[in-house]
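As a plain string of letters, each chain reads:
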Amino acid sequence: MPEGLTRENLSSRLATQVVGRTIEVYDVIVSTNTRATALAREGAPDGTLVLADAQTGGRGRLGRRWYAPAGSSLLMSLLLRPPLEPAQAQRATMICSLAAVDAIAEVVGLDVRIKWPNDLLLDGKKVGGVLTELGLVGKRLYYVVVGMGLNVNLDVSALPDLMTPATSLSAARGEPVSRLDLLVAMLQHLEAHYARLRAGWSPHSAWRQVLATLGQPVAVGTEGGVVEGIAEDVDADGALLVRRADGGVETIRVGDVTLRGHAL
Ligand code: BTN
């Protein structure tokens, strides 16, 4: 893989005990999430990381495609086996988006926010996204695969026309950004967050501080229809609490937010 983003370079710089102790790196793969899911089913250890320079079938949320030309992005999936109930699994996603926000601030000096549930925004434009896939055995959470795509050195004009305006870290910084430095910082933050999560911590209060969505009038597409109101808060498991005009509060676990009056 170009730019020193190799298994050896990563392993030698990582001081983690769990996150990224087992790493697979591909030049091209169908989808890192698909590979991490296969590894999860084969019994791969907690913290296994799958990294690729390009994907031929990168998947986004809600059945969408994820576009990322070779060399442009961080494309990764992390296999976690947290001691959580299935309803708490979003906590694993939350620590990954938090770690990305922390790492970007540290390495690139940019202030990224999260649009509920999983979009990473820079100046209101999408700079990354997270796709989490769960495996259950009976009612027990067997694994969580958290896949993240981050537009690092992406030339945004190379993307197909997208509904959501996109940007990249290099576009905002005006210079290329080291994917290796960013990934190392992110995995270090994740290691710390994951240790606390395993000990029973909910990341929601740190997470809510970087949520762009709170206090905003929103329309949230859910399986049961569109819920409109003010995005008031999130609960310990990352569900969005929306206050409707009639005063009632709706708890939304899965949905797609539109900030009312904005084309986001
Ligand atoms: C979204 O915003 O819709 C989520 C996008 C998640 C994309 C990443 S890229 C690495 C990993 N592998 C995939 O196939 N998808 C995720």
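Residues numbered from 1 in each chain as written. Predicted model: local features only at pLDDT ≥ 70, side-chain atom pairs only at ≥ 80, totals over all residues. Heavy atoms only, no water.

### So, the packing of aromatic side chains
Phase 1: In this structure the tally under the stated criterion is one aromatic pair.
Phase 2: Relative to Tyr143, the ring of Tyr142 has its centre 5.8 Å away and its plane inclined at 65°; by these criteria the two rings are edge-to-face.
Phase 3: Residue Tyr142 is classed as partly exposed on the basis of its relative accessible area, which comes to 28%.
Phase 4: Given a relative accessible area of 4%, Tyr143 falls into the buried group.
Phase 5: Cation over ring: Arg196 sits above Trp201, and NZ or CZ is 3.9 Å from the ring centre. (Phe/Tyr/Trp six-rings, centres within 6.5 Å; stacked < 30°, edge-to-face > 60°. Buried < 20%, exposed > 50% of the residue type's maximum accessible area, 1.4 Å probe, protein only. Lys NZ or Arg CZ within 6 Å of the ring centre and 35° of its normal.)

### Things to note about the site of the ligand
Phase 1: For the ligand, the set of nearby residues contains 20 residues, the closest of which are Ser31, Gln55, Arg59, Arg61 and Lys126.
Phase 2: Thr32 is positioned such that a nitrogen or oxygen atom in its side chain is 3.0 Å from a nitrogen atom of the ligand.
Phase 3: Contacts to the ligand include Gln55, whose side-chain N or O atom sits 2.9 Å from a nitrogen atom.
Phase 4: Out of a free accessible area of 420 Å², the ligand has 98% covered by protein chains.
Phase 5: Going through the elements one at a time, helix H2 (32–41), strand S3 (73–80), strand S6 (125–137) and strand S7 (140–151) are the ones with two or more residues in the shell around the ligand.
Phase 6: Sort the elements by how many residues they give to the shell around the ligand and S6 lands first, with four residues.
Phase 7: Broken down by class, the residue content of the shell around the ligand amounts to six nonpolar, ten polar and four charged. (Near = heavy atom within 4 Å. Polar contact = N/O pair within 3.5 Å; in protein donor to acceptor, adjacent residues only side chain to side chain. Areas by Shrake-Rupley, 256 points an atom, 1.4 Å probe, with all protein chains shown as cover. Helix = DSSP H or I, 4+ residues; strand = E, 2+ residues; numbered from the N terminus. Nonpolar A, V, L, I, M, F, W, Y, C, P; charged D, E, K, R; others polar.)

### What about the nonpolar core?
Phase 1: Core analysis: the largest hydrophobic core is formed by 64 residues, its most contacted members being Leu10, Leu169 and Leu182.
Phase 2: When neighbours within four sequence positions are excluded, Leu10 is seen to be in contact with Ile23, Leu49, Leu51, Leu180, Leu183, Val184 and Leu187.
Phase 3: Listed in part, the ten residues of the second largest apolar core include Ile29, Leu39, Tyr143 and Val145. (Core = buried A, V, L, I, M, F, W, Y, C linked by side-chain atoms within 4.5 Å. Contact = heavy atoms within 4.5 Å.)

### Points about the packing of helix H3 (residues 90–107) against helix H5 (residues 179–198)
Phase 1: Running from N to C, H3 and H5 cross one another at 140°; their axes reach a closest spacing of 8 Å. With respect to H5, the element H3 is oriented oblique. Relative to H5, the crossing made by H3 is right-handed. Seen from H3, the contacting residues are Arg91, Ala92, Ile95, Cys96, Leu98, Ala99, Ala100, Asp102, Ala103, Ile104, Glu106 and Val107; seen from H5, they are Asp181, Leu182, Ala185, Met186, His189, Leu190, His193, Tyr194 and Leu197. (Axes fitted to C-alpha atoms, helices over the stretch in contact; angles between N-to-C directions. Parallel < 35°, antiparallel > 145°, perpendicular 65-115°, else oblique. Left-handed = near helix turned anticlockwise from the far one by under 90°.)

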